[in-house]
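A look at the structure
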Amino acid sequence: MPTVRTNGVETYYERRGEGPPIVFVHASIVDHAMWDRQADALADDYATIVYDVRGHGRTGGSGEPEYTMDLLAEDLYALVTALDLDRPVLCGLSMGGMIAQAYAAAHPDRIAGLVLADTFTPRILTRGEWFLRRVALNALIPPVRLVGYERVERANVWLTERLFGGVSGDYERIERLRETGPKMATDEFAKVIRSVTRFHGVAIDLSAITVPTLVLYGENELPFVKRHAAELAVHLSDVEIDEVPHAGHASNLDNPDSFTAAVRAFLTRIDPVEGTDAPDGDTETEPR
């Protein structure tokens, strides 16, 4: 089982293929396996690296009393350094996108590109979003201690789907992923959720991120997540934004072929693989 020591934890990772590196950062309360379709598909031309973020999967928890996106970004920096990856592209979804933003702003010269999917920026927080992220998410922690996060999240998904049809996508895929991986400890769940709910307080200078960036979101994504995508498009200097059709919040799982095709096209544009031609600009993504 490949691991590397990062900031006091043994971080589990998997590497496929050879070529320019791309590191995938998963969403909260899942693990590296959410990226298997993309990592396998792109490994013919790229070195694809997936890993379990602190508190998740085979990396597991730590004695830190709380987690922050800055801590998780420095874990990622330690992983990139230990694996001797030369300016990888980072691809993060939801929480993974938060980690990728924190990393990119802190180490802008250490990446070649950025893919931010179904994620948030700390720059905006509407009243409704404040309620969902600061009240509703934190309110999940006590019942999780009683009945476990699987049951609580299933109920939360049911309620969210009643309010925003389609946002949950194919939730059964996430449940199948969890069946194959280690269970998450309740204390780790609490630390991870709190790090997500406090992201709006993280100081990230988006103007420091000058590498090419692709912002993706599912067609059926939550309205305020789409607003975050628009906010990223305004404040990043070299950015494209695209919608993944027939997909919800986990757009890479709901429509893996379209998601992977968008990422591959982006990678080819910023660093054409030997023997291939960069697209001529007639693509579905729209530069902003």
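Further up the page is the structure itself.
Below is a short write-up of the structure. Quantities reported herein were computed from a predicted structural model and do not represent experimental measurements.

**Digging into the overall build of the chain**
On a plain count of helices and strands, the chain comes out with 11 helices and nine strands. Burial statistics for the chain: of 288 residues in total, 53% are counted as buried. Long-range pairs, those at least 24 residues apart, make up 76% of the contacts in the chain between residues at least 6 apart in sequence. Surface exposure of the chain reaches about 12500 Å², of which carbon and sulfur atoms provide 50%.

**Brief notes about the packing of aromatic side chains**
Scanning the model with the defined rule gives four aromatic pairs in all. Here Trp35 and Phe259 contribute two aromatic rings whose centre-to-centre distance is 5.9 Å and whose plane-to-plane angle is 45°, an arrangement assigned as tilted. Highlighted residues: Trp35 in the loop between strand E3 (21-25) and helix H1 (36-42) and Phe259 in helix H11 (residues 256-270), separated in sequence by 224 residues. By relative accessible area, Trp35 is classed as buried at 0%. Aromatic pair Tyr77 and Tyr103: ring centres 6.2 Å apart, planes at 45°, arrangement tilted. A residue pair is termed long-range when its members are at least 10 positions apart, and Tyr77 in helix H2 (residues 69-82) and Tyr103 in helix H3 (residues 95-106) qualify at 26 residues. Taking the relative accessible area as the measure of exposure, Tyr103 reaches 0% and is therefore buried. Feature note: the residues Phe24, Trp35 and Phe259 constitute an aromatic cluster, connected by ring pairs. Across from the ring centre of Tyr12, 5.3 Å away, lies the NZ or CZ of Arg58, which sits over that ring.

**Examining helix H7 (residues 171-180)**
Spacing of three or four residues puts side chains on the same side of an α-helix, whose turn is 3.6 residues. Of the positions making up H7, those classed as buried are Tyr171, Ile174, Leu177 and Arg178. The arc enclosing the buried residues of H7, seen along the axis, measures out at 115°, which places them on a common side. In H7, the exposed positions that point more than 90 degrees away from the buried face belong to Glu172, Glu179 and Thr180.

**Examining the pairing of strand E2 (residues 9-16)**
Consecutive side chains along a regular strand alternate between the two faces of the sheet. For E2, the buried fraction is high: six of the eight residues fall into the buried class. Bridge count for strand E1 (residues 3-6) against E2 is four bridges, and the pairing is antiparallel. Bridged to Thr3 within E2 is Tyr12. Hairpin remark: E1 followed by E2, antiparallel, with two residues in the connecting loop; positive phi at Asn7, about 50°. Examined bridge by bridge, E2 and strand E4 (residues 47-51) share four bridges and lie antiparallel to one another. Directly across from Tyr13, in E4, lies its bridge partner Tyr51.

**Details of the pattern of salt bridges**
Enumeration according to the criterion identifies 11 salt bridges in this entry. Here Arg16 and Asp36 are joined by a salt bridge, their closest N and O atoms 3.1 Å apart. Taken as a pair, Arg16 in strand E2 and Asp36 in helix H1 lie far apart in primary sequence, 20 residues in all. Among the ionic contacts, a cluster of salt bridges with common partners joins Glu14, Arg16, Asp36 and Asp40.

**Thoughts on the side chain of Ser251**
Examined against the element boundaries, Ser251 turns out to sit in helix H10 (residues 251-254). What Ser251 contacts, discounting residues up to four positions off in sequence, is Leu93, Asp118, Gly218, Val244, Pro256 and Phe259.

**Here's the deal with the packing of H2 against H3**
Taken N-terminus to C-terminus, the directions of H2 and H3 make an angle of 75°; their axes are 8 Å apart at the nearest point. If you check the angle between H2 and H3, you find them roughly perpendicular. Facing Met69, Asp70, Leu72, Ala73, Leu76, Tyr77 and Val80 of H2, the residues of H3 in contact are Met95, Met98, Ile99, Ala102 and Tyr103. Residue classes in the contact of H2 with H3 are distributed as 11 nonpolar, no polar and one charged.

**A few points about the environment of Asp31**
Position of Asp31 relative to the elements: it lies in the loop between E3 and H1. Along the primary structure Asp31 and Val53 are separated by 22 residues, whereas in three dimensions their C-alpha atoms are 7.4 Å apart. Dropping the residues within four chain positions of it, Asp31 is found in contact with His26, Asp52, Gly57, Gly181 and Pro182.

**What to know about the environment of Thr186**
Following the sequence through the fold, Thr186 ends up in helix H8 (residues 186-197). Overall, Thr186 belongs to the partly exposed group, its relative accessible area being 27%. Remark: the alpha-carbon pair of Thr186 and Pro142, spanning 44 residues in sequence, is separated by 9.8 Å. Apart from the residues lying within four places of it in its own chain, the contact partners of Thr186 are Val144 and Arg145.

Criteria and thresholds
Residues numbered from 1 in each chain as written. Predicted model: local features only at pLDDT ≥ 70, side-chain atom pairs only at ≥ 80, totals over all residues. Heavy atoms only, no water. Helix = DSSP H or I, 4+ residues; strand = E, 2+ residues; numbered from the N terminus. Buried < 20%, exposed > 50% of the residue type's maximum accessible area, 1.4 Å probe, protein only. Contact = heavy atoms within 4.5 Å. Areas by Shrake-Rupley, 256 points an atom, 1.4 Å probe, with all protein chains shown as cover. Phe/Tyr/Trp six-rings, centres within 6.5 Å; stacked < 30°, edge-to-face > 60°. Lys NZ or Arg CZ within 6 Å of the ring centre and 35° of its normal. Arc of directions from axis to C-beta. Pairing = 2+ DSSP bridges. Salt bridge = Lys/Arg side-chain N within 4 Å of Asp/Glu carboxyl O. Axes fitted to C-alpha atoms, helices over the stretch in contact; angles between N-to-C directions. Parallel < 35°, antiparallel > 145°, perpendicular 65-115°, else oblique. Nonpolar A, V, L, I, M, F, W, Y, C, P; charged D, E, K, R; others polar.

Take it as geometry only, folks, not as evidence of what the structure does.
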